[in-house]
Amino acid sequence: MAINGIQFQKGLSLPAFLRDYGTEEQCEALFIKARLPDGFICPCCGHGAAYEFKRRELRYWQCGACRHQTS
Ligand SMILES: [Zn+2]
């Protein structure tokens, strides 16, 4: 698992750490939440829903309305 800021927050006890970041899915969800705090908003048309894709290591979203892609 990659070293990043989320894993090394100070003041987090181990049980709390495991509860909040115990699975890769939870970690990923938190990362996405940090990246997109208001959920997806298309930079092109402002639409609020997108499809998520993964291409190799890259994750990106395609707008459900105009199909604009953003990573
Ligand atoms: Zn759009």
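Please refer to the structure placed before this passage.
Residues numbered from 1 in each chain as written. Predicted model: local features only at pLDDT ≥ 70, side-chain atom pairs only at ≥ 80, totals over all residues. Heavy atoms only, no water.

A. Quick look at unusual backbone geometry. Phi at Arg56 takes a positive value of approximately 55 degrees, unusual for a residue other than glycine. Residue placement: Arg56 occurs in the loop between strand S1 (50-55) and strand S2 (58-63). With a relative accessible area of 82%, Arg56 lands in the exposed category. Residue Arg67 is not a glycine yet carries a positive backbone phi of 70 degrees. Tracing the backbone shows Arg67 in the loop between S2 and strand S3 (69-70). (Helix = DSSP H or I, 4+ residues; strand = E, 2+ residues; numbered from the N terminus. Buried < 20%, exposed > 50% of the residue type's maximum accessible area, 1.4 Å probe, protein only.)

B. Representation of the sheet that holds S3 in the model. Taking strand neighbours across the sheet as the criterion, the three strands line up as S1-S2-S3 in an open arrangement whose pairing is antiparallel. Edge positions in the sheet fall to S1 and S3, since each has one partner strand and no second. Here S2 pairs with S3 via two bridges, running antiparallel. Bridging from a neighbouring strand, Gln62 pairs with Gln69 of S3. (Pairing = 2+ DSSP bridges.)

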